[in-house]
Each structure stands twice: as structure tokens, then as C-alpha cells.
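Read off the chains here:
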Amino acid sequence: MANMERLQKVIAHAGVASRRKAEQLIVDGKVKVNGETVTELGTKVTPNDDIEVNGVPIDKEEPVYFLLYKPRGVISSVKDDKGRKVVTDYLPEVQERIFPIGRLDYDTSGVLLLTNDGDFANLLMHPSHEVDKEYIVKTKGIPSSDHMKKLKKGISVDGDYLKAVHAKVMSTESKRNTAIVKVILHEGKNRQVRRMFDALGFPVDKLKRERYGMIGLHGMNAGDYRPLKPHEVKQLRQLAEENVK
Ligand code: URA
């Protein structure tokens, strides 16, 4: 999971001890995770795990929630081994250990939510919770309304059944042989939009996520971010909870 971190790092981050001291505390059996003593240094924890050092719970971060207008050419991760740009580079003032809720591909732009609240992230990412994800797709070639029907019926690609809840050609440019298509998904399978359009024979030229639930990009430019308002967090949670099947 994207939001797993090494125990010693989390302890150090909470200001309890240096990284080295935190490692010693773990080895010495002074650290409990969810009530169990943990002595292994590689242990990974999430923001939802309860951690105690010498019987004292470490301060948990307040949950925070952000919307980033992800630019193209950025990885939906908190760090990259090859030193490429990652989405958290765009929120340098945020001190909390935030991570993206799901992913957008390197070349996809648009709405990306970030949080340090693992329960919230899991709730939204669960496919049966049916939160709308709306995409604007520029295709190479011009698909027909029959192709849109296929997207809505669902297509099998490499053993995955991929389905859109809405798909409509918004405009076409016959000279350039391109189209703009609006697609709404409830699922978020790996490269889902690109794979669906590839399967139809209309490769994706550009892809942008316009909306996640009721969260859009109004007034924002690529690279901008803002905190979500408390009512937006509440509505997103409600949206996901309502739709549990
Ligand atoms: N579908 C894709 O193919 N890519 C994304 O980034 C999001 C949805």
C-alpha cells in the first residue's frame, strides 16, 4: 500500500526520538503496534496503526485532505527511485505524511486527492463504492456511438472486465482525425481508460480527470493545490458510504 512506512521513521517523525534512537527502542522491545510488541526494524505501519513508545501513544497527525491539479509528467507517488517528479513535490508546505488516493498515470492530468487518512482513502478507492470519476479523453481516430455502447456494456481486456457508466463523444475534428470523449468510471483499474480505448482501436492522445465525486478543478491551473473543505470531505465520505453495495 502507498501509505505504509517504516516504524522507525514514523516514531522519528512524531518527534519522539531520532531515527537511530527509534531503531534502538524497537530492538529493545519498547515499541508496541496495536498493542503488540514489535522488535523487527523493517516493520511497516499505516497512519491508522496505534503506536506506543514506552507505553505512551505517539501523537497521531490530524487528518488532512487536499486536492491537487496533477500536471502531466508527474508520478502519483510520494517518492521515486529514479528521482523523477512526484505529486507530493507540488505540496511542499504540507508537513503531514500524505499520499495520493489511487493513481493517475504519469501522462494523465487532473483531479488527484491526497490525504494521511488511510481509512478515508480505502473507503473512496473501494470499487463497489461507486464514486464517479469523470475523464475527458482526446482520442486518435473518431469513435462512433456504437463504440460508446461497447464501453458502457463493458469490454474484456487481458482478463479484466472494464466498464464505463457513461461515455459520450463531445466533439470531433475530422481534419485531424481526433475526438473529445467524456467518460465516467466507477472503477479505477490500472490504466483503465487507456486500455478501454486501445481495445476499441482509438488510442488515447490526452487524458484528464475532470472530476472525482463532486470535486472538480474550477479556477485551478495544473500544479495548483488546495485543502478540501470540511463539507467536501464529509460529502465524499457520504457518497462512498451511500453506494456500498
Ligand atoms: N485511466 C487511465 O488509463 N489512466 C489514468 O491515469 C486514469 C484512468
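Let us look at the structure shown here. All values derive from a computational prediction rather than experimental measurement.

Details of the overall build of the chain
Point 1. In terms of helices and strands, the chain carries six helices and 16 strands.
Point 2. Along the three orthogonal principal directions, the C-alpha set of the chain runs to about 70 × 35 × 35 Å.
Point 3. Burial analysis of the chain (245 residues in total) assigns 45% to the buried set.
Point 4. Within the chain, contacts between residues at least 6 apart in sequence are counted, and of these 63% link residues at least 24 apart.
Point 5. For the chain, the distance from the average position of its 42 positive side-chain charges to the average position of its 35 negative side-chain charges is 7 Å.

Considerations on the packing of helix 4 (residues 145-153) against helix 5 (residues 192-200)
Point 1. Two numbers describe how helix 4 lies on helix 5: the axes approach to 11 Å, and their chain directions differ by 130°. Here helix 5 runs oblique to helix 4, going by the angle between their axes. The two elements helix 4 and helix 5 cross, and the hand of that crossing is right-handed. Counted together, H147, M148, K150 and L151 of helix 4 and M196, F197 and L200 of helix 5 form the full contact between these two elements.
Point 2. Looking at side-chain class alone, the contact of helix 4 with helix 5 contains five nonpolar, one polar and one charged residues.

Considering the site of the ligand
Point 1. All residues in the neighbourhood of the ligand are listed as L104, D105, T108, Y135, R191, Q192, V193, R194 and L207.
Point 2. V193 places a polar main-chain atom, nitrogen or oxygen, 3.1 Å from a nitrogen atom of the ligand.
Point 3. One of the backbone N or O atoms of R194 is found 2.9 Å from an oxygen atom in the ligand.
Point 4. Among the elements that line the shell around the ligand, the one with the most residues is helix 5, at three residues.
Point 5. Looking at side-chain class alone, the shell around the ligand contains four nonpolar, two polar and three charged residues.
Point 6. Both of domain 2 (65-127 + 215-242) and domain 3 (132-212) provide at least three residues apiece to the shell around the ligand.

Each value, and the rule that gives it
- Residues numbered from 1 in each chain as written.
- Predicted model: local features only at pLDDT ≥ 70, side-chain atom pairs only at ≥ 80, totals over all residues.
- Heavy atoms only, no water.
- Helix = DSSP H or I, 4+ residues; strand = E, 2+ residues; numbered from the N terminus.
- Buried < 20%, exposed > 50% of the residue type's maximum accessible area, 1.4 Å probe, protein only.
- Contact = heavy atoms within 4.5 Å.
- Lys, Arg positive; Asp, Glu negative; His and termini not counted.
- Charge placed at Lys NZ, Arg CZ, Asp CG, Glu CD.
- Axes fitted to C-alpha atoms, helices over the stretch in contact; angles between N-to-C directions.
- Parallel < 35°, antiparallel > 145°, perpendicular 65-115°, else oblique.
- Left-handed = near helix turned anticlockwise from the far one by under 90°.
- Nonpolar A, V, L, I, M, F, W, Y, C, P; charged D, E, K, R; others polar.
- Near = heavy atom within 4 Å.
- Polar contact = N/O pair within 3.5 Å; in protein donor to acceptor, adjacent residues only side chain to side chain.
- Domains from an automatic or database assignment.

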